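Next come the chains, spelled out residue by residue.
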Amino acid sequence: MSKTVHEVDLCVIGAGSAGLSVAYGASHLGRSVVLFEREDMGGDCLNTGCVPSKALIKAAKVAHDRRHGSEYGIAPVEPDIDFKAVKAHVQGVIDQIAPVDSVERYEGFGVTVITEDARFEDEKTIVSDSHIVRAKRIVVAAGSRASAPPIPGLADVPYLTNESIFQVSTLPKHLLIIGSGPIGLEMGQSFRRLGSKVTIVDIAEPLGRSDPEHAKTLIEALKSEGVEFRAPVKTKKVSKTARTFKIEFEDGEAITGSHLLVAAGRAPNVDGLDLEKGGVKYDRSGIQTDEALRTSNPRVYAAGDIAAGKGGLTHAAGFHAGALIKNLYFMPPGLGGMFAKATTNRMPAVIYTQPELGNIGAGHNDAAKTLHFDFEENDRSIAERDTVGGLKLYLDAKGKVIGASCLGSQAGEIINTVSLAMAGKLKLSQISGMISPYPTRTEVVKRTASSNFTEAIFGPKARALAGFWAKFQ
Ligand SMILES: Cc1cc2nc3c(=O)[nH]c(=O)nc-3n(C[C@H](O)[C@H](O)[C@H](O)COP(=O)(O)OP(=O)(O)OC[C@H]3O[C@@H](n4cnc5c(N)ncnc54)[C@H](O)[C@@H]3O)c2cc1C
Ligand SMILES: NC(=O)c1ccc[n+]([C@@H]2O[C@H](COP(=O)([O-])OP(=O)(O)OC[C@H]3O[C@@H](n4cnc5c(N)ncnc54)[C@H](O)[C@@H]3O)[C@@H](O)[C@H]2O)c1
């Protein structure tokens, strides 16, 4: 069969968060675009990542809230969990968003969408079973998948990943999870709340890179709901009998469960792309790129999870796409240093457990000074009896906000406000000058920033000055 030949401006491999955004931007600038997707449009985020996980988290929260009403005068009840209906809710949410990422919508933008597996033929040609695409520019946005840690026996057992966990036919009786990163914690709490017994295993201290106080409080909160942790622990072997998964530890102990979820990090989808033929350098961490996302082949760029050391989050993929559109069409990196950087020191990340844990920018170790304000002192939090956590703003020696950590309900929304302040390079005085509607949890942003000026506003000098002027009025 002869292949259809396309001569285009841009060829994008992968219709996930990164690839879709690049294709959208380029097509709206009138460029000719071919977009390859071998599985589902929308990639990981829509189909097996952010969207189903957040939908499941919501269902689990509804179940949890039913069990906890007495402090508000509402009698708690043990909810009936219809797991099939929970899964239908999750799928329904995916289905509702799917048209936004669909072949039809992108074809409406003028993008040629090819639903086939793509690979390099040479440095400027991408091929699939029935197409040949010669492109001036190529963006590889092929994403990542769950990686399997080198635990003896793991490869021989039918473990779950983010691709299969949302498809399990029945609610796991006892879900074992390897990995206490965002996936392990979000899924662990959700399945616990839906009625599973959950044990999370990690080789390292959970949330070891987060603010230690916030990390400890979150893990304690999960434990108080019955999520069990075995961490840090070295795993010796994984095995399976007819109905049971078994994890044996090096200390001689072992645990068994009905299901096993592996959430121990990601591996870039570099296999099968024939990157060597494209002159694109890569290693186990992904495709090597410079700050403009350009690879070792100057006409080829990488974006999203597959860009080594730069991906991992949907909004990072979106940030990459924004930078790429500038670099591809307005500020080519080859023309000097004006290109848009795809790296930033203010990338936020949020774990959507309850309480949520959000962070942005530098961590506690890099701060010259830390300001904090706890939800215990926030009226909305008190009114809702939801006072766990608070906000910490990390400052450099000049008092500039270089990062933040927030633990508590709506931490993601609160980090959003900090993100805006950092994007606008706002000074603490400007942040404390904002008027926050009362009573909101986000008021903590203003209150944390204002705490830097408490001494200046109410200290001895200010008191003396106020006393002096009072004499004349
Ligand atoms: C359970 C889970 C929850 C998550 N929750 C969040 C969250 O709450 N917030 C957040 O910011 N991030 C979250 N993430 C991370 C987020 O999903 C990813 O960072 C994001 O989806 C990466 O987008 P991408 O475009 O780089 O890759 P992907 O979405 O993986 O898209 C790559 C696409 O390329 C296709 N592809 C690969 N190879 C080829 C080929 N050779 N030919 C054609 N097509 C190909 C794939 O089929 C895929 O559709 C979560 C991830 C998981 C797993
Ligand atoms: N809310 C969010 O933004 C969100 C939610 C889910 C996933 N994600 C993204 O998806 C990606 C994957 O998340 P993840 O949780 O799988 O990965 P991760 O890399 O964040 O965490 C993996 C965990 O597995 C542990 N681990 C590694 N090897 C192990 C072993 N042999 N035995 C036991 N534990 C081991 C690590 O110590 C680590 O704690 C990340 O990029 C993350 O940012 C984001």
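Basis of the calculations
- Residues numbered from 1 in each chain as written.
- Chains lettered and ligands numbered in written order.
- Predicted model: local features only at pLDDT ≥ 70, side-chain atom pairs only at ≥ 80, totals over all residues.
- Heavy atoms only, no water.
- Near = heavy atom within 4 Å.
- Polar contact = N/O pair within 3.5 Å; in protein donor to acceptor, adjacent residues only side chain to side chain.
- Areas by Shrake-Rupley, 256 points an atom, 1.4 Å probe, with all protein chains shown as cover.
- Helix = DSSP H or I, 4+ residues; strand = E, 2+ residues; numbered from the N terminus.
- Domains from an automatic or database assignment.
- Nonpolar A, V, L, I, M, F, W, Y, C, P; charged D, E, K, R; others polar.
- Axes fitted to C-alpha atoms, helices over the stretch in contact; angles between N-to-C directions.
- Parallel < 35°, antiparallel > 145°, perpendicular 65-115°, else oblique.
- Left-handed = near helix turned anticlockwise from the far one by under 90°.
- Contact = heavy atoms within 4.5 Å.
- Patch = residues over 30% accessible without salt bridge, like charges linked within 9 Å, V, L, I, M, F, W, Y side chains within 5 Å.
- Salt bridge = Lys/Arg side-chain N within 4 Å of Asp/Glu carboxyl O.
- Buried < 20%, exposed > 50% of the residue type's maximum accessible area, 1.4 Å probe, protein only.
- UniProt positions renumbered as here; feature names shortened; annotations may be inferred.
- Pairing = 2+ DSSP bridges.
- Core = buried A, V, L, I, M, F, W, Y, C linked by side-chain atoms within 4.5 Å.

Asker: Would you explain the site of ligand 1 in this entry?
Answerer: Near ligand 1 there are 37 residues, and of these E37, D44, K54, D305 and T314 occur at the shortest range. S17 has a polar backbone atom sitting 3.1 Å from an oxygen atom of ligand 1. Within the side chain of E37, an N or O atom sits 2.6 Å from an oxygen atom of ligand 1. About the coverage of ligand 1: the protein hides 93% of its 1,000 Å² of free accessible area. Those elements giving two or more residues to the shell around ligand 1 turn out to be α1 (17-28), α2 (43-48), α3 (50-67) and α8 (314-329).

Asker: I'm lost on the domain arrangement of the protein chain in this one. Help?
Answerer: Size of an interface: often given as the accessible area lost when the parts come together. For the protein chain, the assigned domains are domain 1 (4-41 + 102-145 + 267-335), domain 2 (154-265) and domain 3 (349-458). A C-alpha centroid distance of 34 Å is found between domain 1 and domain 2.

Asker: Help me understand the site of ligand 2 in this model?
Answerer: Neighbouring ligand 2 are 21 residues; E186, D202, G265, G312 and V350 lie closest to it. Interatomic distance of 2.8 Å between a side-chain N/O atom of E186 and a nitrogen atom of ligand 2. Residue D202 places a side-chain N or O atom 2.6 Å away from an oxygen atom belonging to ligand 2. Protein chains shield 74% of the accessible area of ligand 2, which is 840 Å² for the free molecule. The dominant element in the shell around ligand 2, judged by the number of residues it contributes, is helix α6 (residues 182-194), at three residues. The residue makeup of the shell around ligand 2, split by class, is twelve nonpolar, five polar and four charged.

Asker: Explain the packing of α3 against helix α4 (residues 83-97) here, please?
Answerer: Close contact between α3 and α4 brings their axes to 9 Å; oriented N to C, the two are set at 135°. As summarised for this structure, α3 and α4 are arranged oblique, according to the angle between their axes. In terms of crossing hand, the pair formed by α3 and α4 is right-handed. The segment α3 lies against α4, with V51, P52, A55, L56 and A59 engaging V86, H89, V90, V93, I94 and I97.

Asker: I tried to follow a nonpolar patch on the surface on my own but got confused; where do I start?
Answerer: A surface patch of nonpolar side chains, amounting to about 470 Å² of accessible area, comprises L465, F468, W469 and F472. Among the secondary structure elements, F472 is positioned in the segment after α14 (460-470). Residue F472 is classed as exposed on the basis of its relative accessible area, which comes to 56%.

Asker: Looking at this model, I keep getting lost on the UniProt feature "domain: Pyridine nucleotide-disulphide oxidoreductase dimerisation" (unreviewed entry) in the protein chain. Mind explaining?
Answerer: The positions UniProt marks with the feature "domain: Pyridine nucleotide-disulphide oxidoreductase dimerisation" (unreviewed entry) are residues 347-447. In residues 347-447, helix accounts for 28% and strand for 30%; the two terminal C-alpha atoms are 23 Å from one another.

Asker: Quick question: what am I supposed to make of the sheet that holds strand β12 (residues 245-249) here?
Answerer: Backbone-to-backbone hydrogen bonds pair the strands of a sheet. The strands run either parallel or antiparallel. The three strands lie next to each other as β11-β12-β13, forming an open sheet whose pairing is antiparallel. Edge positions in the sheet fall to β11 (235-240) and β13 (254-257), since each has one partner strand and no second. Sheet twist, expressed as the mean angle between neighbouring strand axes with direction ignored, is 15°. Summarising the sheet, β12 and β13 pair through four bridges and their orientation is antiparallel. Pairing of E248 across the sheet is with A254, part of β13.

Asker: Can you walk me through the nonpolar core in this structure?
Answerer: Soluble globular proteins tend to bury their nonpolar side chains together. Core analysis: the largest hydrophobic core is formed by 51 residues, its most contacted members being L10, L35, F120, I126, V133 and V139. When contributions to this core are tallied by element, the ones reaching two or more residues are β1 (4-13), α1, β2 (33-36), α5 (103-108), β3 (112-114), β6 (131-140), β18 (300-302) and α8. Per-element accounting of this core gives the leading share, seven residues, to α8. Residue contacts for L35: discarding those within four places in its chain leaves V12, G14, A15, G19, L20, A23, M41, Y106, V111, T112, V113 and I114. If you look at the next biggest cluster of nonpolar residues, it comprises 34 residues, including V90, L160, F191 and L357.

Asker: Would you mind going over the environment of G309 with me for this structure?
Answerer: You can see G309 is positioned in the loop between β18 and α8. A relative accessible area of 82% means that G309 is categorised as exposed. For the pair G309 and A88, spaced 221 residues apart in sequence, the C-alpha to C-alpha distance is 35 Å.

Asker: Help me out: how do you make sense of the sheet that holds strand β8 (residues 174-178) in this one?
Answerer: Within the open sheet, the four strands sit side by side as β10-β9-β8-β14. Their pairing is parallel. At either end of the open sheet lies a strand with only one pairing partner, and these are β10 (228-230) and β14 (259-262). Neighbour-to-neighbour, the strand axes of this sheet turn through a mean angle of 20°, independent of strand direction. Across three bridges, strand β9 (residues 197-201) lies against β10 in parallel orientation. For T199, the partnering residue across the bridge sits in β10 and is E228. With respect to the sheet, α6 is in contact with β8, β9, β10 and β14, its orientation differing from that of β9 by roughly 165°.

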